[in-house]
Amino acid sequence: MSQINISIPHKNEIKDIYESYNQVLGDIMKNIEDKLKKTIKLPSMPTYKSRIKSFNSYYRKVLRLKAEEAACRGKLVSLTDMMGIRVICAFLEDLSVVEQQVKDNFTVREVEYKGSGDNFREFGYESVHVLISIPDDCMPKDISIDIPKDTVCEIQIRTILQDAWAEVEHELIYKTEFTPFDMPLRRKLASINASLSLADTIFQEIRDYQKKLQMETAARRESFYDKVDESTTKLLGGEVPKKKDISRISPFVRGTIDDLLLEAIHAHNSGDLNHAISIYSQILESQPEPSDPVLAVIYKHRGMAYFANSDYDLALSDFEKSVKYDEKGFRALYYMGIVYSVKELYEKSIECFSKSLDINEFQSHARYRRAIAYSKVGDYSKALTDLAAAESLGLNDDDCQNLRKQVMKKLDMAM
């Protein structure tokens, strides 16, 4: 029976060689991490962890995978995971985004999807592992030792929960070289892993829901302001612009208040105002607690639907109720001011705009619309003051210029 004899250097010799590279590997890894932080862009920025592989772990892997290479004395045996950087993201959707951004900014040697094909009863962690070549701009200057040409850095992309499980699994199983054979224990570990995976999925679903709600809310607010601008343009004698085409998304299935709210906003944006008002009313009929902030929100939304339907008195009533349940609701006060302006009750509109600005003074549109109201009651100096404030806050469009010209003309006539 033949035997393969490999003369492997003493462990201490391999250790001395490996540790002589620790400083330069650490410098390379830091430079790559800095580059990742500059190039990866997410709404919720990830956190980073980095590490140089410990010698004991390195040595075990060398003996297992590269014993023949280790027999070449005096050379560093290069492993793919000597340098590791974790990019830890908040949501599942971030993983593919980060992976693509890494591919766009680095030379990728290999991509591995850990755990993606495991049996559902297993408890291995999920993670995306990307091996990249060392970029030239990440190499330290004045290197005194040679870096093997095949040296790579491993970038692991995980969610927060995937990383938490990987850390615990590493302590329980990998570091202790323990594989549980007891079926109840295996089931417990699989159950924990499944729970974390489910939590990741639920977090992502909530994130998706928030995006849909924000999109619909933004579209509804834009349609509200379109109607306000139409009224203001007519008031100032200008030409009414064409309405914008706003893209739509499908609402969630009816069920919770959140689902009903999204459906109502979707109906509102689609022009089905009566249906939207009906759903808003249904939510209010469920009688949330008076302290529940949902009351202020729903009254404000329904008020906007009434306004879009030209039911100005009902809109005003709902905006007043919204302020009743949220005394800091500067937007509802602002909307009240708009309704009073449309009704040509300018003194009351000025009062509402002023209350709104007392709560949040950095509202350029509130300044602009109060300037219009001041001009209508003949207080031209205050109109110009508000107009200047609106422009200093960044509102400097044709409407501002037209209003300024009108006010200046009236001032000249009054002098």
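Sequence order as written defines residue numbering, which begins from 1 separately in each chain. This being a predicted model, a pLDDT of at least 70 is required before a residue's local features are given, and a value of 80 or more before pairs of side-chain atoms are given or counted; all residues contribute to the totals for chains, interfaces and linings. Note that water and hydrogens are dropped before the side-chain values are worked out from all heavy atoms of the structure.

### Remarks on the confidence of the model for the protein
The pLDDT value expresses, per residue, how confident the predictor is, ranging between 0 and 100. Per-residue pLDDT for the protein averages 82, and the proportion of residues at 70 or more is 80%. Residues are treated as being in contact if the distance between any of their heavy atoms lies within 4.5 Å. Every residue in residues 1-5 scores below 50 in pLDDT, and together they form zero contacts with partners more than four places removed in sequence or on other chains. Overall, residues 118-123 carries pLDDT values under 50, and its contacts beyond four positions in sequence, including any with other chains, amount to 13 contacts.

### Considering the nonpolar core
To define a nonpolar core, start from buried Ala, Val, Leu, Ile, Met, Phe, Trp, Tyr and Cys residues and group those joined through side-chain atoms within 4.5 Å. Only protein chains enter the area calculation, which uses a 1.4 Å probe; residues under 20% of their type maximum are buried, those over 50% are exposed, and those in between are partly exposed. Core analysis: the largest hydrophobic core is formed by 38 residues, its most contacted members being Ile32, Leu36, Tyr58 and Val102. Where helices and strands are cited, they refer to DSSP runs of H or I of at least four residues and of E of at least two residues respectively, numbered from the N terminus. The leading source of residues in this core is helix H2 (residues 22-39), at six residues. Counting 35 residues, the second-largest nonpolar core is a separate cluster that includes Leu260, Val294, Leu316 and Tyr335.

### Some words on helix H11 (residues 312-325)
At 3.6 residues per turn, the α-helix brings residues three or four places apart onto the same side. To estimate the expected span of a helix, subtract one from its residue number and multiply by 1.5 Å. Look at H11: 20 Å from first C-alpha to last across 14 residues, which is about the 20 Å you get at 1.5 Å a residue. Listed in full, the buried residues belonging to H11 are Ala315, Leu316, Asp318, Phe319, Ser322 and Val323. Considered in projection along H11, the buried side chains sweep an arc of 165° and stay on one side of the axis. The exposed set on the far side of H11, more than 90 degrees from its buried face, consists of Asp313 and Lys324. What the arc measures is the spread of directions leading from the helix axis to the C-beta atoms.

### Here we look at the packing of helix H9 (residues 273-285) against helix H10 (residues 294-308)
H10 packs onto H9 with a crossing angle of 160° between their chain directions and a minimal axis gap of 9 Å. Judged by the inter-axis angle, H9 sits roughly antiparallel to H10. Handedness of the crossing formed by H9 with H10: left-handed. Counting all contacts with H9, which are made through Leu273, Ile277, Tyr280, Ser281, Ile283 and Leu284, the residues of H10 involved are Leu295, Ile298, Tyr299, His301, Arg302, Ala305, Tyr306 and Ala308. Polarity classes work like this: nonpolar for Ala, Val, Leu, Ile, Met, Phe, Trp, Tyr, Cys and Pro, charged for Asp, Glu, Lys and Arg, and polar for all others, with Gly in that last group. For the contact of H9 with H10, the per-class residue count stands at 11 nonpolar, two polar and one charged. Between N-to-C directions, angles span 0 to 180 degrees; the directions come from axes that are lines fitted to C-alpha atoms, helices contributing only their stretch in contact. The labels follow the angle: roughly parallel below 35 degrees, roughly antiparallel above 145, roughly perpendicular from 65 to 115, and oblique for the rest. Handedness of each helix crossing follows the sense of rotation of the near helix against the far helix: counterclockwise by less than a right angle gives left-handed, clockwise gives right-handed.

### As for the sheet that holds strand E1 (residues 47-52)
When DSSP locates at least two bridges between a pair of strands, those strands are taken to pair. Strand order in the open sheet formed by five strands is E1-E2-E5-E4-E3, with mixed pairing between adjacent strands. Whereas interior strands pair on both sides, the edge strands pair on one side only; in this sheet they are E1 and strand E3 (108-114). Geometrically, the sheet is characterised by an average inter-axis angle of 20° between neighbouring strands, direction not taken into account. Pairing of strand E2 (residues 83-89) with strand E5 (residues 152-159) involves six bridges; the strand directions are parallel. The residue bridging glycine 84 from the neighbouring strand is glutamate 154, located in E5. Running at roughly 165° to E1, H2 makes contact with E1, E2, strand E4 (127-133) and E5 of the sheet.

### Observations regarding the environment of phenylalanine 55
Along the chain, phenylalanine 55 turns up in helix H3 (residues 55-65). Classification of phenylalanine 55 by relative accessible area gives buried; the value is 8%. In sequence terms phenylalanine 55 and lysine 15 are 40 residues apart; their C-alpha atoms lie 6.7 Å from each other.

### Some points on the packing of aromatic side chains
Pairing of aromatic rings covers Phe, Tyr and Trp, the last counted by its six-membered ring, and requires centre-to-centre distances within 6.5 Å; plane angles under 30 degrees mean stacked, over 60 mean edge-to-face, and any other angle means tilted. Applying the stated criterion to the full structure yields nine aromatic pairs. Measuring from centroid to centroid gives 6.3 Å for tyrosine 18 and phenylalanine 55, while their planes differ by 40°, and the two rings are tilted. Of this pair, tyrosine 18 sits in helix H1 (residues 11-20) while phenylalanine 55 sits in helix H3; the two residues are 37 residues apart in sequence, bridging distant segments of the chain. We note that tyrosine 18, like phenylalanine 55, is buried. Through a chain of ring-to-ring contacts, three or more aromatic side chains come together here, namely Tyr18, Phe55, Tyr58 and Tyr59.

### Regarding unusual backbone geometry
One non-glycine residue, serine 310, lies in positive phi territory at about 65°. Considering the arrangement of structural elements, one finds serine 310 in the loop between H10 and H11. Non-glycine residue glutamate 344 carries a positive phi angle of around 65°. Inspection of the secondary structure assignment puts glutamate 344 in the loop between helix H12 (330-342) and helix H13 (346-359).

### Focus: helix H15 (residues 380-392)
The terminal C-alpha atoms of H15, which comprises 13 residues, lie 18 Å apart, in line with the 18 Å expected from a rise of 1.5 Å per residue. Along H15, the positions that sit buried rather than exposed are Tyr380, Ala383, Leu384, Asp386, Leu387, Ala389, Ala390 and Glu391. Count one or two residues on from H15 and you reach glycine 394, which has phi positive near 105°.

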